[in-house]
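Spelled out from the first residue to the last, the chains are:
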Amino acid sequence: MGVRRKKVSVLISGRGSNMQALVRASREPDCPFEICAVISNEPQAKGLSFAADAGIATAVVDHRQFESREAFEEVLHETLLVFESELVALAGFMRILTPTFVRNWEGRMLNIHPSLLPLFKGLHTHRRALEAGVRIHGCTVHFVTADLDSGPIIAQGAVPVLPDDTEDSLAARVLKVEHRIYPEALALVASGTVRMLDGRVVGDWQADEQAWLSSPAVTRRSLLKDITS
Ligand code: GAR
């Protein structure tokens, strides 16, 4: 008999492509998590219909229906409890959460952010990466702490920035990587392989010591030889 799978609620505000990647991963036989609910603050979020079609419980907690952020979060918290959530995955959830809410889920709530944190916290990350002229960009999965986009980093994925990139082409390249690293990072947490301790990520994870990415690509034969030998 397999190990009991951790129940994960996914919070979305829109398209929900990361949520879909998590749902797909959860269907693998050895996946250490299952998606118990998809919750949106936006009634029209496209991701809700995908979740419903996939037979996953859905709920809407519309922030506009509440007088304060605290009142909204109280119902959001109750909703997470109703679904017996053990972990919370923010996946394009575009509401800032208060320290009180975050504390309730400390070490049990993850977020995906479309930049290599701590670069480009907040919004418009791809535009800002292009403006800054970085040659490598990417995405980060981190534990959520009270400071926006600042929690301990679980996983990162990098892509090159190409000379003719637009905000959209760069976003699309990063998104593909988001769909790979989010399920991976969530599995690390759900299986207990990594956890948050004293504001850091502790545990065991695999990394390819030889892996590297340069942009522009290194093409000179002499340099390649040095790096790969
Ligand atoms: C993703 O790129 C995610 O990293 C980003 O919103 C997009 C949601 O797409 N999240 C943030 O910017 C959070 N600050 P999705 O709904 O298709 O997953």
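All of these numbers come straight from a predicted model, not from anything done at the bench.

**Q** I tried to follow the overall build of the protein on my own but got confused; where do I start?
**A** Counting its secondary structure elements, the protein contains seven helices and nine strands. The C-alpha atoms of the protein give a radius of gyration of 19 Å, which matches the 17 Å a tight globule of 229 residues would have. For the protein, the C-alpha atoms occupy an extent of roughly 60 × 45 × 40 Å along the three principal directions. Within the protein, buried positions represent 44% of all 229 residues. The long-range share in the protein, meaning contacts at least 24 apart out of those at least 6 apart in sequence, stands at 60%. Carbon together with sulfur atoms contributes 51% to the accessible area of the protein, which is approximately 12900 Å² in total. Where the 25 positive side-chain charges of the protein centre and where its 28 negative ones centre are 5 Å apart.

**Q** Explanation requested: helix H1 (residues 17–26) in the structure shown.
**A** In terms of residue burial, H1 counts as a mostly covered element, since eight of its ten residues are buried. Buried within H1 are the following residues: Ser17, Asn18, Met19, Ala21, Leu22, Val23, Ala25 and Ser26. Its buried side turned inward, H1 meets strand E1 (6–12), strand E2 (33–40), helix H2 (47–53), strand E4 (87–90), strand E5 (109–113) and helix H6 (167–190).

**Q** What is the right way to read the sheet that holds strand E3 (residues 58–60) from this model?
**A** The strands making up a sheet are joined through hydrogen bonds of the backbone, oriented either antiparallel or parallel. Ordered by their spatial adjacency, seven strands build an open sheet running E3-E2-E1-E4-E5-E6-E7, and the pairing between neighbours is mixed. Strand pairing shows two members of the sheet lacking a second neighbour, E3 and strand E7 (153–160), which therefore form its edges. Adjacent strand axes in the sheet meet at a mean angle of 20 degrees when their direction is disregarded. For E5 and strand E6 (residues 136–143), the ladder comprises four bridges, and the chain directions are antiparallel. Looking across to E6, one finds that His113 is bridged to Thr140. Along the sheet, H1 makes contact with E1, E2, E4 and E5, crossing E2 at roughly 155 degrees.

**Q** Looking at this structure, how should I read the site of the ligand?
**A** The environment of the ligand is made up of Arg15, Gly16, Ser17, Asn18, Gly92, Met94, Ile112, His113, Pro114, Leu175 and Glu178. Here an oxygen atom of the ligand sits 2.6 Å away from a polar atom, N or O, in the side chain of Arg15. Ser17 has a polar side-chain atom sitting 2.6 Å from an oxygen atom of the ligand. Broken down by secondary-structure element, the contributors of at least two residues to the shell around the ligand are H1, E5 and H6. Grouping the constituent residues of the shell around the ligand by class yields four nonpolar, five polar and two charged.

**Q** Honestly, the pairing of E2 in this entry has me stumped. Any pointers?
**A** Among the eight residues that make up E2, seven are buried, leaving the element largely enclosed by the rest of the structure. Direction of pairing for E1 relative to E2: parallel, over a ladder of seven bridges. Bridge pairing in E2 links Val10 to Val38. This β-α-β element, E1 to H1 to E2, shows right-handed connectivity. Pairing geometry for E2 and E3, over three bridges, is parallel. Bridge pairing links Ile39 to Ala59 in E3. At this point the chain moves from E2, through H2, to the parallel E3, and the crossover so formed is right-handed.

Definitions and cut-offs
- Residues numbered from 1 in each chain as written.
- Predicted model: local features only at pLDDT ≥ 70, side-chain atom pairs only at ≥ 80, totals over all residues.
- Heavy atoms only, no water.
- Helix = DSSP H or I, 4+ residues; strand = E, 2+ residues; numbered from the N terminus.
- Rg over C-alpha atoms; globule rule 2.2 N^0.38 Å.
- Buried < 20%, exposed > 50% of the residue type's maximum accessible area, 1.4 Å probe, protein only.
- Contact = heavy atoms within 4.5 Å.
- Areas by Shrake-Rupley, 256 points an atom, 1.4 Å probe, with all protein chains shown as cover.
- Lys, Arg positive; Asp, Glu negative; His and termini not counted.
- Charge placed at Lys NZ, Arg CZ, Asp CG, Glu CD.
- Pairing = 2+ DSSP bridges.
- Axes fitted to C-alpha atoms, helices over the stretch in contact; angles between N-to-C directions.
- Near = heavy atom within 4 Å.
- Polar contact = N/O pair within 3.5 Å; in protein donor to acceptor, adjacent residues only side chain to side chain.
- Nonpolar A, V, L, I, M, F, W, Y, C, P; charged D, E, K, R; others polar.
- Right-handed = clockwise from strand over helix to strand, strands pointing away.

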